[in-house]
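What follows is each chain in one-letter form.
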Amino acid sequence: MKLPNGRLADLGNKIEEYSLNLNHQEGKNKAILFASKLGITIENAELLKQALKKAAINEDVVIQKTNEYGTYYNMKFWLKTEVGESLILAAWIIRSGESFPRLTSCYPVKK
């Protein structure tokens, strides 16, 4: 199953303010993983953004759960850069009353 309306995926500010932010209490561990495994930092965040947008359209998802807030989807996809490659977990929600997915989290899967 593909992410519904993946072409409309909204990344919001999750990448800069959370996933690649070394100063964010919870996000810093993700930022360290992105930098060490893939060489992706806040300075080249566009690499990750483009990969997420492409994955939102092309990759398969698994429905995690539906509740009063909406339907949650998880997807895994491989991302390769000049530094390395890693399986990426991306989590999305389509909120109740909305028709487009919003990124809730993403990080390289530890191996």
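First things first, this report covers the structure right here in the doc. In this text, all values refer to a predicted model and were calculated from it rather than measured experimentally.

1. A look at the packing of aromatic side chains
Consideration 1: Taken as a whole and assessed by the stated rule, the structure comprises zero aromatic pairs.
Consideration 2: The ring of Tyr-18 carries Lys-14 above its face, with NZ or CZ at 5.2 Å from the centroid.
Consideration 3: It is Lys-65 that lies over the ring of Tyr-72; its NZ or CZ is 5.2 Å from the centre.

2. Some remarks on the pattern of salt bridges
Consideration 1: Under the defined criterion, the tally for this structure stands at four salt bridges.
Consideration 2: The salt bridge involving Asp-10 is made with Arg-102; its shortest N-O contact spans 3.7 Å. Note that Asp-10 is positioned in the segment before α1 (14-19) and Arg-102 in strand β4 (residues 102-108), a separation of 92 residues in sequence.
Consideration 3: Measuring nitrogen to oxygen at the nearest pair gives 2.9 Å for the salt bridge that ties Glu-98 to Arg-102.
Consideration 4: Owing to a relative accessible area of 27%, Glu-98 belongs among the partly exposed residues under this scheme.
Consideration 5: Members of the salt-bridge network, linked through shared partners, are Asp-10, Glu-98 and Arg-102.

3. What to know about the side chain of Asn-21
Consideration 1: In this fold, Asn-21 is placed in the loop between α1 and α2 (28-38).
Consideration 2: One polar contact links the side chain of Asn-21 to the main-chain carbonyl oxygen of Glu-17, over a distance of 3.3 Å.
Consideration 3: At 2.7 Å, the side chain of Asn-21 and the backbone nitrogen of Asn-23 are in polar contact.
Consideration 4: Apart from the residues lying within four places of it in its own chain, the contact partners of Asn-21 are Ile-15, Glu-16, Gly-27, Lys-28 and Ala-31.

About the cut-offs
Residues numbered from 1 in each chain as written. Predicted model: local features only at pLDDT ≥ 70, side-chain atom pairs only at ≥ 80, totals over all residues. Heavy atoms only, no water. Phe/Tyr/Trp six-rings, centres within 6.5 Å; stacked < 30°, edge-to-face > 60°. Lys NZ or Arg CZ within 6 Å of the ring centre and 35° of its normal. Salt bridge = Lys/Arg side-chain N within 4 Å of Asp/Glu carboxyl O. Helix = DSSP H or I, 4+ residues; strand = E, 2+ residues; numbered from the N terminus. Buried < 20%, exposed > 50% of the residue type's maximum accessible area, 1.4 Å probe, protein only. Polar contact = N/O pair within 3.5 Å; in protein donor to acceptor, adjacent residues only side chain to side chain. Contact = heavy atoms within 4.5 Å.

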